[in-house]
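A structural walkthrough
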Amino acid sequence: MKKIILCCSLMLAAAAAAQNQPKSNPPTSYTIAANKALYDYLDFKDQTDLKNVNKGLIAAYPQDTIGRFYNFKQFDFLKGTAPESVNPSLWRQSGFNATAGLFKVSEGIYQIRGFDLANMSVIRGKTGWIIIDPLTVKETVEAGMRLVRKHLEDLPVTAVIVTHSHMDHFGGMRGVVNEDDVKSGRIKIYAPEGFLEHSVSENLIAGNAMTRRAMYMYGNLLPKSATGSLGSGLGTTTASGTAGILDGTDIISSKEGETKIIDGIKFEFVYTPESEAPAEMMCYLPDYKAFMQAEVVNHTLHNLYTLRGAQVRNGQKWSMYIDKAIDKWGKDAQFSFGSHHWPTWGNAEVVDFLENQRDLFRFIHDQTVRLANEGMNPVEIANTLKLPKQLDTQFSNRGYYGTVSHNARAQYQLYFGFFDGNPANLNPLPPVEEGQKYVELMGGSENILKKAKESYDKGEYRWVAEIVNHVVFADPKNQKARNLLADAYEQMGYQAESGPWRNFYLTGAQELRYGKKVFKNSSASNPDMVNGMSSEMFFNYLAMRYKGTEENTDKFNFNFDLTDTNENVGLVISNGTVSTRVGSPIKDKVTATITGPRKALMALTGEAQDVTVDQLLSKGVLKVTGNKEAFKKFIGNIENFDVWFNLIEP
């Protein structure tokens, strides 16, 4: 079941090998001009963020690395003036993100920043440390806590708060808590409603495709350099190591707010589902006049649609949650801090920051839907919609992670789906056939490449990418076409202000030129994530992986008696589908009854495929009453996916 690890270890193994890639082309005069134009548009003399990024630094980590888990030196190149191969705004943001250490936010509130993609916040409670968002892996959490105990106080951890259901905010919790702590009640875990379910499920059903796309989005296959990845705009990069999860003991579910006293500190929580994560919450600490914004508010335009793939987020709801925070706490908050980036100090500055972020998401949502109602399609909206200058020139609203372009398309999708209403787009040709037809129509590959090179020399990189992509899909072995498409992607990557856009373009260019570099995922399955699945989730996952082709005429009824979870599950296999009935076994025409632990079925259907039905039967781990061969045939139809499928070619 490796796919539900949120792909961290596989991407990081690839990242380690990505440091020795061939050199890239230099930026063209058009790229240099585009980057200079943006530099002239924004106020790079404003030093407010630089001051806040460095404010309160107590100590940096004493070594260059946290073992093999995180390398602080990998972003050392992010110094000085932006090179011509980097968007200057993204360069500025990336350097801020790479500023690492233990920071004081205020008396009693501290942060570990730059140890991972996200921040870990540390609150001084009455008797110990309250941890908010313990990073991705336990090793970086433990390193951060060593700084806390050395430079602040050597106190026990008394509580953990997880703001939302993304792994970079909970995966390292075993660095500060274990099952015994939780079972005994010594440490409570505060989490939003749906935390465990969404944490496990978001990358489960679509996990394989999401993993491959995440490699592109986070630049894990690229070297860290001025012609490679600078990070993600949201943070640096994810650490490698041991990720885990424990469920919340105290669940926050009220959108209107609820108050908890945690180790003597008052926390006022607001539940914010369907914003940045399907399960998320923000909180306010009235004793400190501090607003904890989770990942709902950031020093970037966030994603209403994430390029790795996920459910589209609702910009209207997102905006309304921020406005609720302004209404509840805006008159009192003296500073705010979050799950990414650096804090904001001063009441007027906090309110201005929140209002700008509120209006940012509301504008994109409302204006996209308005333009759609005027008859514009998503591509037209994405190319038309521009932020008001007063929003657009705020560095905290720039598209380092999300972009106005793809977020507008996301809001169109939220309401109208994939179809733009034009019949020509209702049933398009698949990419290979489409490519072949375009190549034929345009006089063959050589003619297209000649025209495309002329467009490239004019700086028309988007157009080059569009037409040469047809040649690559018509003839993926045409290296001349691959190289020209890579050249166009590369220049668009150099110009991109969005970290994910840059990473997508440059990874695509790399694979076009040199092919895929396939790296083995050496990690073992994540037991916390596997055990966190409900039986309904597990069997629905199997149903999705069942090969229901048009030739499949199997009709089976299976009952499962799960001895480790004390559950009965019925499966109906018909017409190429698997219907699941957790808690409702089938009573008639039962093909076979399988008795044994659910974990044995997980091993049997897992990615490793290192155990067979016959082996489990011979060892007495499983027992099959009825048609054993039908059960074996069913298991044989459960598909395991190859994460290294093609993206930039057929």
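Residues numbered from 1 in each chain as written. Predicted model: local features only at pLDDT ≥ 70, side-chain atom pairs only at ≥ 80, totals over all residues. Heavy atoms only, no water.

**Remarks on the overall build of the protein**
Regarding its fold elements, the protein presents 23 helices and 21 strands. Computed over its C-alpha atoms, the radius of gyration of the protein comes to 26 Å, within 12% of the 26 Å expected for a compact globule of 650 residues. Each principal axis of the C-alpha atoms in the protein carries an extent, and together these give about 75 × 75 × 50 Å. Considering the protein as a whole, with its 650 residues, one finds that 57% of them fall into the buried category. Here the contacts in the protein between residues at least 6 apart in sequence split such that 74% fall between residues at least 24 apart. (Helix = DSSP H or I, 4+ residues; strand = E, 2+ residues; numbered from the N terminus. Rg over C-alpha atoms; globule rule 2.2 N^0.38 Å. Buried < 20%, exposed > 50% of the residue type's maximum accessible area, 1.4 Å probe, protein only. Contact = heavy atoms within 4.5 Å.)

**Observations concerning the packing of helix α10 (residues 347–373) against helix α13 (residues 404–416)**
In contact at an axis separation of 9 Å, α10 and α13 are set at 60 degrees when each is read in the N-to-C sense. Regarding α10 and α13, the two cross each other, and that crossing is right-handed. Only V404, N407, A408, Q411, Y412, Y415 and F416 of α13 make contact with α10, whose side of the interface consists of I364, H365, T368, V369 and A372. Of the residues belonging to the contact of α10 with α13, the class tally is 8 nonpolar, 4 polar and no charged. (Axes fitted to C-alpha atoms, helices over the stretch in contact; angles between N-to-C directions. Left-handed = near helix turned anticlockwise from the far one by under 90°. Nonpolar A, V, L, I, M, F, W, Y, C, P; charged D, E, K, R; others polar.)

**Some points on the nonpolar core**
Counting residues in each nonpolar core, the largest one holds 84 residues, and the members touching the most others are F558, F560, F631 and F634. With 6 residues, helix α20 (residues 535–545) is the largest single contributor of residues to this core. Setting aside anything within four residues of it in sequence, one finds F558 in contact with V569, G570, L571, I573, I586, T591, A592, I594, A630, F631 and F634. Judged by nonpolar contacts, the second largest core, of 43 residues, contains V270, L301, Y305 and Y401. (Core = buried A, V, L, I, M, F, W, Y, C linked by side-chain atoms within 4.5 Å.)

**Comments concerning empty space enclosed by the protein**
Applying the stated criterion across every chain yields a total of 4 cavities of 30 Å³ or more. Taken as a whole, the second largest cavity holds about 110 Å³ of empty space. Lining the second largest cavity are 14 residues, and of these F96, N97, R113, N119 and H341 lie nearest its centre. Counted by class, the lining of the second largest cavity contains 5 nonpolar, 7 polar and 2 charged residues. (1 Å grid on protein atoms, 1.4 Å probe; cavity = no way out; pocket = protein on both sides within 12 Å on 5 of 7 lines; lining within 4 Å. Points joined across faces, edges and corners; volume = space filled by probe spheres on them.)

**Overview of the sheet that holds strand β18 (residues 567–574)**
Reading across from one edge, β19-β18-β17-β20-β21 is the order of the 5 strands in this open sheet, with mixed pairing throughout. Strands with a single pairing partner mark the edges of an open sheet, and in this sheet they are β19 (577–582) and β21 (623–626). Looking at each pair of strands side by side, their axes are set apart by 20 degrees on average, direction ignored. One ladder, built from 5 bridges, connects strand β17 (residues 556–562) with strand β20 (residues 592–596); its direction is parallel. (Pairing = 2+ DSSP bridges.)

**A word on the packing of aromatic side chains**
According to the stated counting rule, one finds 30 aromatic pairs in the structure shown. When the centroid spacing of 5.5 Å and the interplanar angle of 80 degrees are considered together, the rings of F96 and W342 count as edge-to-face. A residue pair is termed long-range when its members are at least 10 positions apart, and F96 in helix α4 (residues 88–97) and W342 in the loop between β15 (335–337) and β16 (344–345) qualify at 246 residues. Looking at W342, the relative accessible area reads 3%, which means it is buried. (Phe/Tyr/Trp six-rings, centres within 6.5 Å; stacked < 30°, edge-to-face > 60°.)

**Brief notes about the pattern of salt bridges**
If you walk through the whole model with that rule in mind, you get 28 salt bridges. For D154, the salt bridge is made with R149, and the minimal N-O distance between the two is 3.6 Å. Residue class for D154 comes out exposed when judged on its relative accessible area of 62%. Note on R149: relative accessible area 31%, which makes it partly exposed. For E446, the salt bridge identified is with K480, shortest N-O distance 3.2 Å. With E446 in helix α15 (residues 445–457) and K480 in helix α17 (residues 479–495), the pair connects residues that are 34 residues apart, well separated along the chain. Among the ionic contacts, a cluster of salt bridges with common partners joins K73, D76 and K79. (Salt bridge = Lys/Arg side-chain N within 4 Å of Asp/Glu carboxyl O.)

**So, the side chain of R398**
Relative to the elements of secondary structure, R398 occurs in the loop between α12 (389–392) and α13. Once you skip the residues sitting within four places of it in the chain, R398 turns out to touch L38, Y41, L42, S89, T300, L301, D392 and E497.

**Regarding a nonpolar patch on the surface**
Among the surface-exposed residues, L414, Y415 and F416 lie close enough to one another that they form a single nonpolar patch of about 260 Å² accessible area. Structurally, F416 is set in helix α13. (Patch = residues over 30% accessible without salt bridge, like charges linked within 9 Å, V, L, I, M, F, W, Y side chains within 5 Å. Areas by Shrake-Rupley, 256 points an atom, 1.4 Å probe, with all protein chains shown as cover.)

**Details of the layout of surface pockets**
To find leftover empty space, a probe the size of one water molecule is rolled over the atoms. Estimated volume of the second largest pocket: approximately 960 Å³. Contributing to the lining of the second largest pocket are 37 residues, with L78, K79, G80, W91 and G95 lying nearest its centre. Of all the secondary structure elements, the ones that give two or more residues to the lining of the second largest pocket are α2 (29–41), α3 (48–54) and α4. Looking at which element gives the most residues to the lining of the second largest pocket, the answer is α4, with 5 residues. Across the lining of the second largest pocket, the residue classes tally to 18 nonpolar, 11 polar and 8 charged.

**Regarding the side chain of S106**
Within the secondary structure, S106 sits in strand β4 (residues 101–106). On the basis of relative accessible area, S106 is assigned to the buried category, the value being 16%. Setting aside anything within four residues of it in sequence, one finds S106 in contact with Y288 and F335.

**Considerations on the confidence of the model for the protein**
With 95% of its residues at a pLDDT of at least 70, the protein reaches an overall mean of 93. Contacts of residues 1–17 to residues separated by more than four positions or lying in other chains number 59 contacts, the stretch itself having pLDDT below 50. (pLDDT = per-residue confidence, 0-100.)

**Focus: the environment of W644**
As for its placement among the helices and strands, W644 is situated in the segment after α23 (628–636). Counting along the chain gives 436 residues from W644 to N208, while the straight-line C-alpha distance between them is 9.0 Å.

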